[in-house]
Amino acid sequence: MPDRSSSYPASPRRVVVTGMGIACALGIEETVVWQNLMAGKSGIGHLRAFDTASYKIHIGAEVPEGLIKGKLKELRRRPIDRALDLAVVVAWDALTQARLIARKPPWSEQDVAVLYGTGVGSAQSHFNAFSTFFEKGPRSLRPTTVPRCMYNAISAGVSMQFKLTGSNYVVVSACNSAANAMGTAFRMIRDGYAEKVLCGGSDGFFDPFFFGVWNNIGVLSPIEDPAKACRPFAEDRRGTVLGEGAGALVMETLQGATARGADIRGEILGYGESSDASHITRPSVEGQAKAIRMALDDAGLQPGEIALINAHGTATHSNDATESKSVRTALGSAADRIPVMANKSYFGHALGASGILETITTLLALERGMAPPNLNLENPDPACNLNLIGNKPTSIDRGPAMKNSFGFGGANGVLIVGPTT
Amino acid sequence: MSEKPKADLIVEKLREIMETSATEELDWSNYGPQSTIESLGLDSLTILDLLYDVEQELGVHLEAIDIVSVGNIGEMASLLIDRGA
């Protein structure tokens, strides 16, 4: 058990990122993702996963075809469930980059915890099981339906694949899931409960049922041109676009990372979380502002010290207007000058995985001192009174960044990340 | 149809079933009637799925004990033929 008696909380352990893995519509290599972001190239397209002819919406952000299958083949795995497959691939990249494992097996057991956030878990396995049930009856259900459908199939699969013997579990809080997972991982390490955590999120939900459910809730953009459909903070925004994806970070102590000579990609400085406790889908300024303030306090920062905000920015009317007010409420006049980016116009809304995708893009931006353009923001909404980045990449000050994540159920999570110092 | 070609057919069908339902890439380099379940690298969960897929594809219900008690794929094919595949 690590010693956390005398130094906590006066000098808690610093938590750094030593590995990252990402899979989204822009690609599965961080350099490719970054190039596409800087080029203003959206990954949203017409859905290939299944025939959407009978649906209202026909677009989404899918990981380019064949990439995940190719990586699984290298791992000698067959596709099992999209969310698990995505989670395993990004875990492999993050662990390799952190130099916790060699690229190729055999791998030995090591004490690393696995925490993934997911909005819908093993959606594909659920769809397959329900289809069988209704077509052929209960006796036809595949015997491995339980291990395929349980939510922690994602973290368990990652833990088994790479022989990670720390705790493994999944955090479920809609679009806030990955933020909760990362925040929990950060606290586990800072407070001495774990030395290394592989954390992030995964959601793979392009199946006929799940996509149908989202078609009918009325928050998806009806704009048919994929590149123009998702318009965060624009006056003419019409809704969000779904995008599958996963991401993972290796977090560990600064001391441990330095001792083993790992490359440090950034630091986790603070985390705040709260609940609106008011409405199942309508966000609240008070709840979100509370999480933002908590995160700043946790990091010991003043609003004016934040160099970049990566917004939740779903491009729904309600989210963007509320988030703008929340940021204003929590940060005051400092919000006049902090540049705000929103990435969902590039790789859609990855629900439970959105927080990790956007934390990775935030870390990439901090490393480079540049933020990518915001797409489709020709007409910023006056109700979204923030310093929104325009249609060109922008240089940013060296300093910490804030990543907002807000989910249905009134779940709010805010992470403060900093550049390597 | 003589019994031997039918056994071969079932051996091939078993490979097809395992290729599509296994959760990991199995080793097919020396696949044949002499292959043991262990040599293919099937774990206990994959065997459960194999039983399921055999029933769906060939209409023969096998129990896990049946798989455990056969020595290799060839014996499994014979067992399936005995049960009416």
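Here, every reference points to the structure presented above.
Definitions and limits used
- Residues numbered from 1 in each chain as written.
- Chains lettered and ligands numbered in written order.
- Predicted model: local features only at pLDDT ≥ 70, side-chain atom pairs only at ≥ 80, totals over all residues.
- Heavy atoms only, no water.
- Phe/Tyr/Trp six-rings, centres within 6.5 Å; stacked < 30°, edge-to-face > 60°.
- Helix = DSSP H or I, 4+ residues; strand = E, 2+ residues; numbered from the N terminus.
- Buried < 20%, exposed > 50% of the residue type's maximum accessible area, 1.4 Å probe, protein only.
- Lys NZ or Arg CZ within 6 Å of the ring centre and 35° of its normal.
- Salt bridge = Lys/Arg side-chain N within 4 Å of Asp/Glu carboxyl O.
- Pairing = 2+ DSSP bridges.
- Contact = heavy atoms within 4.5 Å.
- Axes fitted to C-alpha atoms, helices over the stretch in contact; angles between N-to-C directions.
- Core = buried A, V, L, I, M, F, W, Y, C linked by side-chain atoms within 4.5 Å.
- Buried area = accessible area lost by both parts, 1.4 Å probe.
- Polar contact = N/O pair within 3.5 Å; in protein donor to acceptor, adjacent residues only side chain to side chain.
- Expected span 1.5 Å × (residues − 1).

All right, on to the packing of aromatic side chains then. All names here are of chain A. Going through the model one piece at a time under the given rule, you end up with 11 aromatic pairs over all chains. With a centroid separation of 5.7 Å and an interplanar angle of 50°, the aromatic rings of Tyr55 and Phe211 are classed as tilted. Of this pair, Tyr55 sits in the loop between strand S2 (45–46) and strand S3 (59–60) while Phe211 sits in helix H8 (residues 208–215); the two residues are 156 residues apart in sequence, bridging distant segments of the chain. For Tyr55, a relative accessible area of 17% gives the class buried. Where Phe210 meets Trp214, the ring centres are 6.3 Å apart and the plane angle is 40°; that geometry is what we call tilted. On the criterion of helical spacing, the pair formed by Phe210 and Trp214 is a turn pair, its members being four residues apart in helix H8. The residues Phe210 and Trp214 share a single accessibility class, namely buried. Aromatic ring contacts, followed pair by pair, group Phe50, Tyr55, Phe205, Phe206, Phe210, Phe211, Trp214 and Phe408 into a single cluster. The ring of Trp92 carries Arg103 above its face, with NZ or CZ at 3.7 Å from the centroid.

As a further point, take the pattern of salt bridges. Inspection of the entire model under this criterion finds 31 salt bridges over all chains. With a shortest N-O distance of 3.0 Å, Glu195(A) and Arg13(A) are connected by a salt bridge. Here the residue Glu195(A) occupies a position in the loop between helix H7 (177–190) and strand S6 (196–203), and Arg13(A) occupies one in the segment before strand S1 (15–23), the gap between them amounting to 182 residues. The salt bridge involving Arg15(B) is made with Glu19(B); its shortest N-O contact spans 3.4 Å. Residue Arg15(B) and its partner Glu19(B) are located together in helix H1 (residues 3–21), separated by four residues, close to a single helical turn. The structure contains a network of salt bridges with shared partners spanning Glu29(A), Lys71(A), Asp93(A) and Arg103(A).

Our next topic: the sheet that holds strand S5 (residues 168–171) of chain A. All names here are of chain A. In spatial order, the strands read S5-S4-S6-S7-S1-S8-S15-S14-S9-S10-S12; together these 11 strands make up an open sheet with mixed pairing. Every other strand in the sheet has two partners, leaving S5 and strand S12 (387–388) as the edge strands with one partner each. Note that strand S9 (residues 308–310) and strand S10 (residues 339–341) share two bridges and pair parallel. Residue pairing for S10: Asn310 is matched across the bridge by Met341. In the packing of helix H6 (residues 153–162) onto the sheet, contacts are made with strand S4 (113–117), S5 and S6, and the angle to S5 comes to roughly 150°.

Residue and element names in this part refer to chain A. Of all hydrophobic cores here, the largest spans 70 residues; its most connected members are Val197, Phe211, Leu249 and Met251. Setting aside anything within four residues of it in sequence, one finds Val197 in contact with Val112, Ala113, Leu115, Ala185, Met188, Ile189, Leu249, Val250 and Met251. If you look at the next biggest cluster of nonpolar residues, it comprises 34 residues, including Leu75, Leu84, Ala91 and Ile101.

This paragraph deals with the environment of Lys71(A). Residue position: Lys71(A) is located in helix H2 (residues 67–74). A sequence separation of 43 residues divides Lys71(A) from Ile28(A), and the C-alpha atoms of the two residues are 9.8 Å apart.

We now examine the pairing of strand S8 (residues 266–275) of chain A. Along a regular strand, successive side chains alternate from one face of the sheet to the other. All names here are of chain A. Burial analysis of S8 places seven of its 10 residues in the buried class, the great majority of the element. Pairing between S8 and strand S15 (residues 411–418): eight bridges, direction antiparallel. In the strand pairing of S15, Gly270 is matched with Ile416.

Turning to the interface of chain A and chain B, a few remarks are in order. With 14 residues of chain A at the contact, the number on the chain B side is 15 residues. Between chain A and chain B lies a buried interface of about 1,200 Å² when both sides are counted; carbon and sulfur atoms form 46% of it. Per-residue buried area on chain A facing chain B is highest for Arg76(A), Arg78(A) and Arg142(A); these three make up 48% of the total on that side. Taken together, the connections running from chain A to chain B amount to four salt bridges. Ionic pairing is found between Asp53(B) and Arg142(A), a salt bridge with its closest N-O pair at 2.9 Å. In this assembly, chain A and chain B are joined by eight residue pairs in polar contact (both at pLDDT 80 or more). At the level of elements, helix H4 (123–136) and helix H5 (145–149) of chain A are the ones that each hand at least two residues to the side of chain A that touches chain B.

Another aspect to go through is helix H3 (residues 44–58) of chain B. Residues and elements named next belong to chain B. For H3, spanning 15 residues, the distance from its first C-alpha to its last is 21 Å, which sits close to the expected 21 Å at 1.5 Å a residue. Residues Thr46, Ile47, Asp49, Leu50, Leu51, Tyr52, Asp53 and Val54 constitute the buried set of H3. Trailing H3 by a residue or two, Gly59 shows a phi angle of about 70°, which is positive.

Keep in mind that these numbers describe shape and distance, not what the molecule does.
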